[in-house]
Amino acid sequence: MRGKVWLLNAWASWCVSCREEHPLLLEFSKSSPAPIYGLDYKDSREDALSWLNEFGNPYVLSAFDADGRVGIDFGVYGVPETYVIDRNGVIRFKQIGPITREVWEQTILPLVKDLNK
């Protein structure tokens, strides 16, 4: 992933707030200047795949983190959480809780555009 600006969204099929932000992630994935990757956190793989099939998949790829060990490396406390990661692999922004249109337009999108310069 080095050399790319990207977003990581920690989510789970059991997460109520993830359902809240999911329609926005689907929308943003179509026009985002950075790819969105998922981290399915402390979930069952079958439930996660079913959830993505039912609600849509905004992710380029979604990694499965059954026991939460990968999430620990990113500092995940719970879901949803979204990270903006720069070309050097440095986390430049962390959104705790669901992404809103306001957070996307006022914080994430301007930061991603700036990092892509």
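Just above, that's the structure.
Residues numbered from 1 in each chain as written. Predicted model: local features only at pLDDT ≥ 70, side-chain atom pairs only at ≥ 80, totals over all residues. Heavy atoms only, no water.

Remarks on the pattern of salt bridges
Heads up, the condition is: Think of a salt bridge as a Lys or Arg side-chain nitrogen and an Asp or Glu carboxyl oxygen that are within 4 Å of each other. Put simply, DSSP H or I for four residues or longer makes a helix, DSSP E for two residues or longer makes a strand, and each gets a number counted from the N terminus. Each residue is placed in one exposure class: buried if its accessible area under a 1.4 Å probe, protein chains only, is under 20% of its type's maximum, exposed if it is over 50%, and partly exposed if it falls in between.
One pass over the structure, following the stated rule, counts 5 salt bridges. Of the charged contacts in the structure, one is a salt bridge between glutamate 81 and lysine 94, with a shortest N-O distance of 3.5 Å. Placement of the pair is glutamate 81 in strand β4 (residues 81–85) and lysine 94 in strand β5 (residues 91–96), with a sequence separation of 13 residues. Arginine 92 is the salt-bridge partner of aspartate 86, the closest N and O atoms lying 3.1 Å from each other. With relative accessibility at 45%, the residue arginine 92 sits in the partly exposed group.

A closer look at the environment of isoleucine 99
Applicable threshold: The contact criterion used is simple: two residues touch if any of their non-hydrogen atoms lie within 4.5 Å.
Within the element layout of this structure, isoleucine 99 appears in the loop between β5 and α4 (101–115). The sequence separation of isoleucine 99 and serine 17 amounts to 82 residues, and the corresponding C-alpha distance is 9.4 Å. Apart from the residues lying within four places of it in its own chain, the contact partners of isoleucine 99 are Glu21, Leu24, Leu25, Phe28, Thr82, Trp104 and Ile108.

A few points about unusual backbone geometry
Cis peptide bonds are those with omega within 30 degrees of zero, and the linkage from valine 79 to proline 80 qualifies with -5 degrees. The residue proline 80 is located in the loop between α3 (69–74) and β4 in this model.

Observations concerning the pairing of β5
Threshold: Note: two strands are recorded as paired if DSSP finds a minimum of 2 bridges between them.
In terms of strand pairing, β4 meets β5 through 5 bridges, oriented antiparallel. Paired with threonine 82 across the two strands is glutamine 95, which belongs to β5. Hairpin geometry of β4 and β5 is characterised by an intervening segment of 5 residues between the two adjacent antiparallel strands and by a positive phi of about 85 degrees at glycine 89.

Here we look at the packing of aromatic side chains
Quick note on the threshold: What counts as a ring pair is set by centres within 6.5 Å for rings of Phe, Tyr and Trp (its six-membered ring), and what kind of pair is set by the plane angle: stacked under 30 degrees, edge-to-face over 60, tilted for all other angles.
Considering all chains together, one arrives at 6 aromatic pairs under this definition. Ring plane angle 20 degrees and centroid distance 5.8 Å describe the contact between tryptophan 11 and tyrosine 59, whose orientation is recorded as stacked. Pair noted here: tryptophan 11 is in strand β1 (residues 6–11) and tyrosine 59 is in the loop between α2 (45–55) and β3 (62–65), with a separation of 48 residues, a long-range link. Residue tryptophan 11 shares its accessibility class with tyrosine 59, and that shared class is buried. Their ring planes at 50 degrees and their centres at 6.1 Å tell us that phenylalanine 74 and tyrosine 83 sit as a pair that is tilted. Each residue in the set Trp11, Trp51, Phe55 and Tyr59 is aromatic and connected to the rest through ring pairs, giving one cluster.

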